[in-house]
Protein chains: 2
Amino acid sequence: MEGEPTLRLRVFDLNCWAIRYLSKRQQERVRLIGDTLRREGFDLVLLQEVWSEQDYSDLRVKLAGCYPFSHYFRSGVIGSGLCVFSRFPILDTLLYQYSLNGYPYMLQHGDWFCGKSVGLVIIKISGIIFNVYVTHLHAEYCREKDAYLPHRLVQAWELAQFIRHTSKAADVVLLGGDLNMHPEDVGIRLLRGWTGLRDAFAEATRFEGCKNGCTLVPENCFTDKSELLPFPLGIRIDYILYKAISSFTVKCEELKTTTGPALGTDIPFSDHEAVMATLHIQRQGQPAGATLGTADLVLADVVTEARTEVGVGLRAAQRQRYSSGRMAVLALLLLLLQAAAALGTLAGLGAEQPFPKLSFCLLAFLALGVLVLAAGLHLFHTMEVKMLHGTEDQMWMALRALQERP
Amino acid sequence: MEGEPTLRLRVFDLNCWAIRYLSKRQQERVRLIGDTLRREGFDLVLLQEVWSEQDYSDLRVKLAGCYPFSHYFRSGVIGSGLCVFSRFPILDTLLYQYSLNGYPYMLQHGDWFCGKSVGLVIIKISGIIFNVYVTHLHAEYCREKDAYLPHRLVQAWELAQFIRHTSKAADVVLLGGDLNMHPEDVGIRLLRGWTGLRDAFAEATRFEGCKNGCTLVPENCFTDKSELLPFPLGIRIDYILYKAISSFTVKCEELKTTTGPALGTDIPFSDHEAVMATLHIQRQGQPAGATLGTADLVLADVVTEARTEVGVGLRAAQRQRYSSGRMAVLALLLLLLQAAAALGTLAGLGAEQPFPKLSFCLLAFLALGVLVLAAGLHLFHTMEVKMLHGTEDQMWMALRALQERP
């Protein structure tokens with residue numbers, strides 16, 4: 001391709017919903033995804049929710065012919081679920097695990113156990129350095145009362161900071177993934193504003209697929225219809241974003257989403273629709289992404305809005321830290337009282353009454369259990385406070401930098 | 001300074017050992033450090049083990065005149081302990097928390113609770129972009145049988161990767177901190193080889209201070225003499241490392257360490273000696289740090305050695321994951337047995353014998369406690385396995401890249 005004026009890159013992005021033994025028809029769908037990827041021959045494939053390393057290995061074997069290079073990002077208890085398949089050599093990789101990612105005790109949500117992260121792979125095509133990021137942010141379980149908003153904002157901020165700091169030598173930046181945010185949400189505006197990334201859907205010359213580019217649609221047989229009731233058309237939470245950094249321009253020629261059942265089958269790939277972009281990269285004068293300075297005022301507003309939400313999360317975390325600490329102290333006091341009572345009995349006080357051994361033991365174990373649990377929670381919320389506070393600080397520094405710009 | 005051919009930068013690095021209520025004469029020493037920093041007027045101050053944010057705030061107030069810019073990195077339960085004071089504006093910051101950092105149940109060591117990290121601050125002086133990194137790696141508690149070596153190697157690797165990926169647009173890279181590794185340890189060789197960083201002590205034109213540049217010396221009244229018995233001269237574990245990336249050269253004109261009691265007092269700053277470097281930065285043809293390619297073979301050996309150690313850690317973690325999992329299963333079986341016994345009693349079986357309520361309850365609580373603990377450990381060691389495995393993979397990829405270089 002060397003010497004050609006334009007490079008054409010076909011990118012595939014999908015949240016695979018591949019939870020072994022839990023996701024519906026998981027094995028069949030992973031096979032289907034593999035078959036399609038092999039047939040279609042994209043240049044770059046960014047997958048999320050490939051939770052099982054076995055599934056990744058199976059895909060790697062199947063795709064070895066057309067995507068000889070691949071990387072799986074390991075993190076957390078379950079794994080990040082992130083992987084990349086590429087037609088071009090992967091030169092280097094880096095994983096950044098988000099500092100906040102829900103709560104370990106929210107077992108029914110389970111995000112904490114995945115160690116949500118952003119993975120970076122560096123690829124060189126025809127002498128052009130691509131920094132390709134793949135990520136999956138914390139899910140939104142209840143839009144009206146979204147307890148995870150501060151955590152997701154911290155993740156969006158860390159994602160933006162990570163991209164900014166690691167992409168300085170890149171020619172082109174690509175980000176694909178399930179961001180779990182609607183296009184107008186503050187997190188998306190923050191990410192796009194702070195990095196200068198462009199939305200392939202908004203920029204695409206041609207579009208084909210679900211209305212408004214939605215990737216979670218009621219028509220998909222695997223989606224939870226009740227969750228999508230307020231959004232009859234569906235929602236768009238899976239993105240391909242891009243920008244050129246040095247003397248290149250990137251244009252999105254075409255964006256597609258899948259629309260329900262895959263070719264020749266009765267099931268879709270996943271509960272999410274896949275996003276497929278065809279990008280044109282051309283060497284040219286001014287970088288396309290260098291519009292950051294022009295919208296400083298808008299960006300300052302976005303950072304302020306995000307910082308307010310992080311502040312709300314910070315105060316909630318401080319309250320939880322306080323209550324768990326108080327609970328631990330109360331449990332400790334109860335244990336001390338019990339110890340005093342036991343010592344008193346041993347010393348012969350109140351010997352006229354029988355000592356209630358069973359209830360005493362039950363109470364002691366209960367107090368001990370509460371103490372351990374509350375102390376653990378206190379530690380966890382202390383970490384949460386630290387990270388929210390740190391992010392608030394960083395955002396404040398960003399605001400100051402924005403305001404000081406000429 | 002604009003237009004001057006040479007920039008002179010004075011850097012101060014110290015592990016402050018400032019644990020409130022635990023470190024000896026902590027308040028007095030923090031005051032002393034503040035006074036000295038104000039008097040000496042360095043350009044850049046990199047501190048570790050400033051555990052209390054109050055101490056940082058006090059220092060910030062005291063140093064506001066001569067170091068108007070500063071940053072404290074928050075992480076973990078206690079905090080990273082890392083902070084930076086600078087005469088020049090801090091343009092941006094980023095924190096990377098190491099994925100492995102000891103064990104939460106090793107309370108006597110406590111490293112896990114600090115959320116050990118590397119902090120990056122970006123500073124621009126006379127148009128030269130400095131990426132300044134400050135870090136503190138996991139301590140070495142027993143050199144003969146160092147259970148934390150794999151974790152420290154993962155940290156050294158992540159530190160090297162973080163520096164490589166974030167410093168591509170920098171002119172000069174500076175790293176200061178307590179690396180808890182001797183100069184010839186594999187972790188230091190890995191870090192230096194993989195980043196191209198140079199050791200200020202080895203490169204310094206003039207040196208003044210403790211013999212061999214040691215920073216943990218038996219003469220210091222706060223050091224644990226028994227730990228230093230095998231090293232009568234002391235050990236060197238605090239470093240200032242640097243390299244030029246673009247068309248600059250960096251030279252270390254002078255390196256100093258403190259030697260015991262600070263000027264006009266009877267106590268040293270800390271149990272570590274401070275490291276002070278005077279660097280000369282000059283715009284010039286070839287970057288000084290670009291010697292990476294020349295030593296590829298040596299570097300491949302170092303990466304192989306480090307990978308072997310990480311592999312040893314991986315197998316240990318897999319064994320621990322297995323034993324904790326087995327323990328959890330046994331505890332669960334015991335609980336199920338007890339439940340069956342209780343149900344049997346309720347159903348009237350064995351009613352001729354009195355039911356031993358107290359021992360039954362004690363045993364149930366014990367089993368429950370073991371189950372919770374073992375399950376927690378199993379989760380923790382699963383994460384450990386994931387991260388060690390991920391690092392092994394990354395190192396393998398690095399080796400392949402080194403071998404494929406022409």
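Residues numbered from 1 in each chain as written. Chains lettered and ligands numbered in written order. Predicted model: local features only at pLDDT ≥ 70, side-chain atom pairs only at ≥ 80, totals over all residues. Heavy atoms only, no water.

If you check an unreviewed UniProt entry, chain A appears there as Sphingomyelin phosphodiesterase 2 from Chaetorhynchus papuensis. What UniProt records for chain A under Subcellular location (unreviewed entry) is the sentence "Membrane". The UniProt entry for chain A carries this comment under Cofactor (unreviewed entry): "Mg(2+)". (UniProt positions renumbered as here; feature names shortened; annotations may be inferred.)

A.B. asks: Describe in detail the overall build of chain A, supporting the description with residues and values.
C.D. replies: Helix and strand counts for chain A stand at 8 helices and 13 strands. Across the 406 residues in chain A, those meeting the buried criterion constitute 54%. Taking the contacts inside chain A whose residues are at least 6 apart along the sequence as the reference set, 75% of them involve residues at least 24 apart. Counting only carbon and sulfur atoms, one obtains 60% of the accessible surface of chain A, whose full area is about 17500 Å². Distance between charge centres in chain A, computed from 40 positive and 42 negative side chains, equals 2 Å. (Helix = DSSP H or I, 4+ residues; strand = E, 2+ residues; numbered from the N terminus. Buried < 20%, exposed > 50% of the residue type's maximum accessible area, 1.4 Å probe, protein only. Contact = heavy atoms within 4.5 Å. Areas by Shrake-Rupley, 256 points an atom, 1.4 Å probe, with all protein chains shown as cover. Lys, Arg positive; Asp, Glu negative; His and termini not counted. Charge placed at Lys NZ, Arg CZ, Asp CG, Glu CD.)

A.B. asks: Could you give an account of helix α4 (residues 149-166) of chain B, with specific residues and numbers?
C.D. replies: With 18 residues, α4 of chain B extends 25 Å from end C-alpha to end C-alpha; this agrees with the ideal 26 Å at 1.5 Å per step. Burial of α4 of chain B is extensive: 16 of the 18 residues sit out of reach of the surface. (Expected span 1.5 Å × (residues − 1).)

A.B. asks: Any chance you could break down the relation of the copies chain B and chain A for me, citing the residues and the numbers?
C.D. replies: Between chain B and chain A, the superposition needs a rotation of 180° and an axial shift of 0.0 Å, giving an RMSD of 0.1 Å. Given the turn and translation reported, the copies of this chain are related as if by a two-fold rotation axis. Taking C-alpha positions as reference, the residue of chain B nearest the rotation axis is T166 of chain B, located at 2.3 Å. Both copies share a contact surface, since 100% of the interface residues of chain B are interface residues in chain A too. (Least-squares fit on C-alpha atoms with pLDDT ≥ 70 in both.)

A.B. asks: Explain the interface of chain B and chain A to me, using residue names and the numbers behind them.
C.D. replies: With 39 residues of chain B at the interface, the matching set in chain A holds 39 residues. Counting the surface lost from both chain B and chain A, the interface buries some 4000 Å², and carbon and sulfur atoms represent 67% of this. Ranking the residues of chain B by area buried against chain A places R74, H165 and K386 of chain B at the top, with a combined share of 17%. Joining chain B to chain A, the criterion identifies 6 salt bridges. Here K386 of chain A and E53 of chain B are joined by a salt bridge, their closest N and O atoms 3.7 Å apart. There are 12 residue pairs in polar contact (both at pLDDT 80 or more) connecting chain B and chain A. If you list the elements that add at least two residues to the side of chain B that touches chain A, you get β5 (90-97), α3 (111-114), β6 (117-125), α4 and α8 (357-404) of chain B. Of all the elements, α8 of chain B adds the most residues to the side of chain B that touches chain A, at 15 residues. Of the residues contributing to the side of chain B that touches chain A, the split by class is 18 nonpolar, 13 polar and 8 charged. (Buried area = accessible area lost by both parts, 1.4 Å probe. Salt bridge = Lys/Arg side-chain N within 4 Å of Asp/Glu carboxyl O. Polar contact = N/O pair within 3.5 Å; in protein donor to acceptor, adjacent residues only side chain to side chain. Nonpolar A, V, L, I, M, F, W, Y, C, P; charged D, E, K, R; others polar.)

A.B. asks: Could you give an account of the nonpolar core, naming the residues involved and the relevant values?
C.D. replies: Counting residues in each nonpolar core, the largest one holds 154 residues, and the members touching the most others are F130 and I281 of chain A together with F130 and I281 of chain B. For F130 of chain B, the contacting residues outside a window of four places in its chain are L7, L9, V121, I122, I123, I125, V172, L174 and I281 of chain B. (Core = buried A, V, L, I, M, F, W, Y, C linked by side-chain atoms within 4.5 Å.)

A.B. asks: Explain the pairing of strand β4 (residues 83-86) of chain A to me, using residue names and the numbers behind them.
C.D. replies: Residue and element names in this part refer to chain A. Side chains C83 and F85 project from β4 onto one buried face, and the interleaved V84 and S86 project onto a second face that is buried too. In this sheet, β4 lies alongside strand β2 (residues 44-50) in antiparallel orientation, the contact comprising 4 bridges. The residue of β4 that forms the bridge with L46 is V84. As paired elements, strand β3 (residues 69-72) and β4 share 4 bridges and run antiparallel to each other. Paired with H71 across the two strands is V84, which belongs to β4. (Pairing = 2+ DSSP bridges.)

A.B. asks: Quick one: what's the story with the sheet that holds strand β1 (residues 6-18) of chain B, residue by residue and with numbers?
C.D. replies: Residues and elements named next belong to chain B. The sheet built from 7 strands is open, its strands ordered β3-β4-β2-β1-β13-β12-β10 with mixed pairing. Of all strands in the sheet, those with a lone pairing partner are β3 (69-72) and β10 (206-208), marking the two edges. Each strand of the sheet is rotated relative to its neighbour by a mean of 20°, with strand direction disregarded. With 6 bridges connecting them, β1 and strand β2 (residues 44-50) associate as parallel partners. Counterpart to V11 in the pairing with β2 is L44. Of the strands in this sheet, β1 and β2 touch helix α1 (residues 26-40), which is tilted by about 175° from β1. (Axes fitted to C-alpha atoms, helices over the stretch in contact; angles between N-to-C directions.)

A.B. asks: Tell me about the sheet that holds strand β1 (residues 6-18) of chain A, and name the residues and values.
C.D. replies: All names here are of chain A. Read from one edge to the other, the open sheet built from 7 strands follows the order β3-β4-β2-β1-β13-β12-β10, with strand pairing classed as mixed. At either margin of the open sheet sits one strand with a lone partner, and together these are β3 and β10 (206-208). Adjacent strand axes in the sheet meet at a mean angle of 20°, parallel and antiparallel pairs treated alike.

A.B. asks: Can you break down the domain arrangement of chain A residue by residue, with the values?
C.D. replies: Residue and element names in this part refer to chain A. Examined at the domain level, chain A breaks down into domain 1 (7-290) and domain 2 (293-345 + 355-404). Taken together, the contacts link 19 residues of domain 1 with 20 residues of domain 2. Together domain 1 and domain 2 conceal approximately 1700 Å² of surface at their shared face, both sides included; 76% is due to carbon and sulfur atoms. With a shortest N-O distance of 3.1 Å, R189 and E305 are connected by a salt bridge. At the surface where domain 1 touches domain 2, the tally comes to 6 residue pairs in polar contact (both at pLDDT 80 or more). (Domains from an automatic or database assignment.)

A.B. asks: Lay out the UniProt feature "domain: Endonuclease/exonuclease/phosphatase" (unreviewed entry) in chain A in plain terms, naming residues and giving numbers.
C.D. replies: Feature annotation in UniProt places "domain: Endonuclease/exonuclease/phosphatase" (unreviewed entry) on residues 24-272 of chain A, given in this structure's numbering. Annotated as 25% helix and 28% strand, the span residues 24-272 of chain A places its first and last C-alpha atoms 13 Å apart.

A.B. asks: Please give an account of the pattern of salt bridges that cites residues and values.
C.D. replies: Two side chains of opposite charge can pair, provided their charged atoms sit close to one another. The final tally for this structure, using the stated rule, is 40 salt bridges over all chains. Here E140 of chain A and R143 of chain A are joined by a salt bridge, their closest N and O atoms 2.9 Å apart. Since its relative accessible area comes to 31%, R143 of chain A is described here as partly exposed. Between E253 of chain B and R8 of chain B there is a salt bridge, with the nearest N and O atoms lying 3.5 Å from each other. Of the two residues, E253 of chain B sits in strand β12 (residues 248-257) while R8 of chain B sits in strand β1, which places them 245 residues apart along the sequence. Exposure remark for R8 of chain B: the relative accessible area of 47% places this residue in the partly exposed category.

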